[in-house]
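# Overview (structure and organization)
Residue strings, one per chain:
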Amino acid sequence: MDLARFSCYIAGGRPAGAARAYPGCRDRRLPEVSVPVELEGVVYFATESPVWAGGRAFYDPEASGRVFARAHLVSAEQFSDIAAQEMYRQPGADLNLSQVLRRGRAELGSGRYETLVCPGTMDGLPVLTFTAPWRVRDLSWNTPSASYVKVLCRGLLEAGAWDLPAVARYIAACPGAAGAWTARDIAELVVG
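Here goes a summary of the coordinates provided. The structure presented is a predicted model; accordingly, all values stated were derived computationally and were not measured. (Residues numbered from 1 in each chain as written. Predicted model: local features only at pLDDT ≥ 70, side-chain atom pairs only at ≥ 80, totals over all residues. Heavy atoms only, no water.)

To continue, consider the environment of Ile171. Along the chain, Ile171 falls in helix α5 (residues 164-173). Of the residues examined, Ile171 reaches a relative accessible area of 2% and is grouped as buried. Placed 28 residues apart in sequence, Ile171 and Thr143 show a C-alpha to C-alpha distance of 11 Å. In this structure, Ile171 is in contact with Val149, Leu152, Cys153, Leu156, Ala177 and Ile186, ignoring residues within four places of it in sequence. (Helix = DSSP H or I, 4+ residues; strand = E, 2+ residues; numbered from the N terminus. Buried < 20%, exposed > 50% of the residue type's maximum accessible area, 1.4 Å probe, protein only. Contact = heavy atoms within 4.5 Å.)

For the rest of this paragraph, the subject is helix α2 (residues 76-86). Across the 11 residues of α2, 9 count as buried, placing the element largely inside the fold. Among all positions in α2, only Gln78, Phe79, Ser80, Asp81, Ile82, Ala83, Ala84, Gln85 and Glu86 are buried. Those residues of α2 hidden inside the fold are in contact with α1 (3-11), β6 (115-122) and β7 (125-131). Looking one or two places after α2, you find Tyr88, whose phi comes out positive at around 60°.

Moving on, we come to the pairing of strand β2 (residues 42-46). Counted residue by residue, β2 has 5 buried out of 5 residues, so it is predominantly covered. Covered by surrounding structure in β2 are Val42, Tyr44 and Ala46 together with Val43 and Phe45, the residues of both alternating faces. Two elements, β2 and strand β3 (residues 56-60), share 5 bridges in a ladder whose sense is antiparallel. By the bridge assignment, Tyr44 is partnered in β3 with Phe58. (Pairing = 2+ DSSP bridges.)

So this is what it looks like as structure tokens:
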């Protein structure tokens, strides 16, 4: 969600606080449009991120709840390259998006971030993301690291739709963060 972090997917590089550098996309133009969106579902933290340490964020579009997010207008080629980087694959091959566009979901593999989801459209364009094939209740949650929480909050704040108290409450309520992070702790982390 954070544009500086997102630009590492596009142009290549290592996000601040991350343990991994990204090769970038074939088309290195940054999105001309980035807008806040609210989606149905739940964001939760699970598994262990080798990039950030701690839990990774996943999206369960079938769970009851509201997700704060940010939509970046990218080409199908760029989306394919971004997804490949999150799947620990080399960018450079276009994904077949026909199933996700037709059915709203396509599983490219059984691993994390190998499930494509289309939760709707915006201005006539599909909103696409990737997540894991499992649901929020299917595995143990894992607390996200401070650096990961900070980059997620920064991205939501950059979107301009929510203020710091709303973003801090939202992240603190996500499964995996809830009980480990308070809204106050998150607000202090972001400001500090």
